[in-house]
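# Coordinate analysis (summary)
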Amino acid sequence: MLTSILYYNCRNIKYPLMGNFVFLPNSLGNSIKKVFTIIGSRHGSNYVNRSKHIDLSVESTYLKLTLPAVMDEILEEQLVYHKHYQELKERYRNLLNHTLNLEDLYLSVPLFLIRSYREFEKPALQTDENLKRAAILAWSLKLAEASMIVDDDVIDKSKVRYLRPTWYKKPDVGVEGAICDSSFLLSGGLFLLLNHFRKHLQFSNILKEYYVNYSTCMLALCIDSKKYKVQELKLDFAKAYPITVINVICAMYLSNIVDPVIHATAKEFLKDLAKYVQIEDDVKCVFNTHSEKDCTDVAQGKSSWLAIQAYERGSREQRFVLENHYGKSDNESQIRIYQLYKDLRLDDHFEKFREDFYESMIEKIQTFPQQLPKQLFFDLLDYGLLSRIQS
């Protein structure tokens, strides 16, 4: 979803615009470079989180403990008719390592499924075996997320994810190979669901969430790939739902919590959090110095919060700049857009939005029914506003 501009014609000088590394072409003058440096130099807002450290060490332990068996199971199931192709086994093990064997920073979905299960399940049922099953369910969701990420990187022509080359950019993969590999990841998650949860009372609900999660996000990616005039841009937040909604909802089903009112209350909160995470992603891409992904929103004319805000807040002259330069990949057009964002102080507007959002979500948690563990949602909120919910 995010991509770095100006990768081509680059030289080895770092500028803090929208990632840990943004290389500027030789053709850019010193005055333009100063614009990028100023934009990237802002500090975060002054809002205070309820919790600065959220301990997910237990969840991480169970994830890492179950990963080797999960990978072996997926390979065994999907290569059942191709066991004699050793190169396929090596290829797909590399794929699984690339998309699953990650730092905890990129595992917020599976980590919070296990955390949610620990909060919802009765203490007597939180056995070692049940926690391992929760981890397996967490990996199934991560596989679906990984499938969407592989597709998204192809659609966006992204070059970097997790501070390393995207899967399709690997020399032995390419676009065609990545399409096949995306299917492998999605079906791998389904095999885990079938093998481990088909006898669970809520299997049909979990399976439906799996499909709704995937199909809704992929539709959002298709919409996001369309070219619109800047005055027609609208945000579709569904592509962010897989990183906040499904993990908690499936943990509730795993704990046999089916009350529709409880589910609706939780889902409304989680969807709001997803909206924030997506907006933050748009802003972080431009104004932060620590983005683990590429940023192509400006070059590709994406429906970003920044572009919409700029059009709503801009003067007639500034709207003219947006209409004529947003969605163009040449250096001059992109620099004009980033300068416009700076002139409109959209980073300050975001900080105000973030603080208001945080307070409203705190108030919402306080009204939750007793069946929803408030601390879980406080932790999710803090995790999101600390930029720890990532994909």
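Counting restarts for each chain, with residues numbered from 1 along the sequence as it is written. Local features are withheld for residues below a pLDDT of 70 in this predicted model, meaning they are given only at 70 or higher, and side-chain atom pairs are given and counted only at 80 or more; totals for whole chains, interfaces and linings count all residues. Neither water nor hydrogens contribute to the side-chain values; these are computed over all heavy atoms in the structure.

Below, the discussion takes up the side chain of serine 140. Secondary structure is summarised from DSSP: a helix means a run of H or I of at least four residues, a strand means a run of E of at least two, and numbering begins at the N terminus for each. In this structure, serine 140 sits in helix 5 (residues 128-156). We call two residues contacting when some pair of their heavy atoms lies within 4.5 Å. Leave out the neighbours within four places in its chain, and serine 140 touches Gly189, Leu192, Leu193 and Tyr210.

To continue, consider helix 15 (residues 374-385). In this model helix 15 runs 17 Å from its N-terminal to its C-terminal C-alpha over twelve residues, within 8% of the 16 Å that 1.5 Å per residue would give. A large share of helix 15 lies buried, amounting to ten of its twelve residues. Only protein chains enter the accessibility calculation, which uses a 1.4 Å probe; a residue whose area is less than 20% of its type maximum is buried, one above 50% is exposed, and one in between is partly exposed. Residues of helix 15 that are buried include every one of Leu376, Phe377, Phe378, Asp379, Leu380, Leu381, Asp382, Tyr383, Gly384 and Leu385, and no others. Tucked into the core, helix 15 has its buried residues touching helix 4 (108-120), helix 8 (246-254), helix 9 (260-287) and helix 14 (346-366). Directly beyond the C-terminal end of helix 15, a positive phi value near 60° is found at serine 387. To estimate the expected span of a helix, count its residues, drop one, and scale the result by 1.5 Å.

So, about the packing of helix 6 (residues 174-197) against helix 7 (residues 203-224). All axes here are fitted lines through C-alpha atoms, helices being fitted over the stretch that makes contact, and every angle between N-to-C directions spans 0 to 180 degrees. In the contact formed by helix 6 and helix 7, the axes pass within 11 Å of each other and the chain directions differ by 170°. In terms of orientation, helix 6 and helix 7 fall into the roughly antiparallel class. Contacts between helix 6 and helix 7 involve Leu186, Gly189, Leu190, Leu193, Leu194 and Phe197 on the former and, on the latter, Phe203, Ile206, Leu207, Tyr210, Tyr211 and Tyr214. Residues of the contact of helix 6 with helix 7, tallied by class, amount to eleven nonpolar, one polar and no charged. Throughout this description, any angle smaller than 35 degrees is read as roughly parallel, any larger than 145 degrees as roughly antiparallel, any in the 65 to 115 degree range as roughly perpendicular, and the remainder as oblique. The residue classification treats Ala, Val, Leu, Ile, Met, Phe, Trp, Tyr, Cys and Pro as nonpolar and Asp, Glu, Lys and Arg as charged. All others, Gly included, are polar.

Across soluble globular proteins, you tend to see nonpolar side chains buried next to one another. Residues Leu96, Met252, Tyr326, Tyr341, Phe377 and Leu381 are the most contacted members of the largest nonpolar core, which totals 115 residues. The element contributing the most residues to this core is helix 5, with 14 residues. Contacts of tyrosine 326, omitting those with residues within four sequence positions, involve Val230, Leu233, Asp297, Val298, Gly301, Lys302, Ser304, Ala307, Val321, Ile337 and Tyr341. We define a nonpolar core as any set of buried Ala, Val, Leu, Ile, Met, Phe, Trp, Tyr and Cys residues linked to one another through side-chain atoms lying within 4.5 Å.

Here a Phe, Tyr or Trp ring, Trp counted by its six-membered ring, pairs with any other such ring whose centre lies within 6.5 Å, and the pair is stacked when the planes are under 30 degrees apart, edge-to-face when over 60, and tilted otherwise. Taken as a whole and judged by the stated rule, the model has 15 aromatic pairs. Summarising the aromatic geometry, the rings of tyrosine 276 and phenylalanine 350 are spaced 6.0 Å apart at their centres and angled 20° between planes, so their arrangement reads as stacked. On the criterion of sequence distance, the pair formed by tyrosine 276 in helix 9 and phenylalanine 350 in helix 14 is long-range, its members being 74 residues apart. On the basis of relative accessible area, tyrosine 276 is assigned to the buried category, the value being 1%. Using a relative accessible area of 5% as the deciding quantity, one classes phenylalanine 350 as buried. Between phenylalanine 353 and phenylalanine 357 the ring centres are 6.2 Å apart and the planes differ by 25°, which places this aromatic pair in the stacked class. A residue pair is termed a helical-turn pair when its members lie 3 or 4 positions apart in one helix, as phenylalanine 353 and phenylalanine 357 do in helix 14 at four residues. Here phenylalanine 353 falls in the partly exposed class, since its relative accessible area comes to 27%. On the basis of relative accessible area, phenylalanine 357 is assigned to the buried category, the value being 10%. In this structure an aromatic cluster arises from ring pairing among Tyr276, Trp305, Phe350, Phe353 and Phe357. In this analysis the charged atom, NZ for Lys or CZ for Arg, is taken to sit over a ring once it is within 6 Å of the ring centre and within 35 degrees of the ring normal. Above the face of the tyrosine 92 ring, arginine 91 is positioned so that its terminal group lies 6.0 Å from the ring centre. Positioned above the aromatic ring of tyrosine 311 is the side chain of arginine 319, whose terminal nitrogen or guanidinium carbon lies 4.4 Å from the ring centre.

Our focus in this paragraph is the side chain of lysine 142. Position of lysine 142 among the secondary structure elements: in helix 5. Each residue touching lysine 142, except ones within four places of it in the same chain, is listed here: Thr99, Leu100, Leu102, Tyr106, Leu107, Pro110 and Tyr162.

A few words now on the pattern of salt bridges. Whenever Lys or Arg places a side-chain nitrogen within 4 Å of a carboxyl oxygen from Asp or Glu, that contact is recorded as a salt bridge. Inspection of every chain in the model, using the stated rule, returns 18 salt bridges. Between glutamate 145 and lysine 142 there is a salt bridge; the shortest N-O distance is 3.0 Å. In this pair, glutamate 145 and lysine 142 are both assigned in helix 5, three residues apart and thus about one turn of the helix distant. Take glutamate 145 and lysine 142: they sit in the same class, and that class is buried. Residues joined in a network through salt bridges with shared partners are Glu59, Arg115, Arg118 and Asp379.

Contact geometry for helix 3 (residues 86-100) and helix 6: axes closest at 11 Å, N-to-C directions at 75°. As the angle between them shows, helix 3 and helix 6 are arranged roughly perpendicular. Where helix 3 abuts helix 6, its residues Arg91, Tyr92, Leu95, Leu96 and Thr99 lie against Gly177, Asp181, Phe184 and Leu185. Taken together, the residues of the contact of helix 3 with helix 6 break down into five nonpolar, two polar and two charged.

Distances and angles like these do not, on their own, reveal function.
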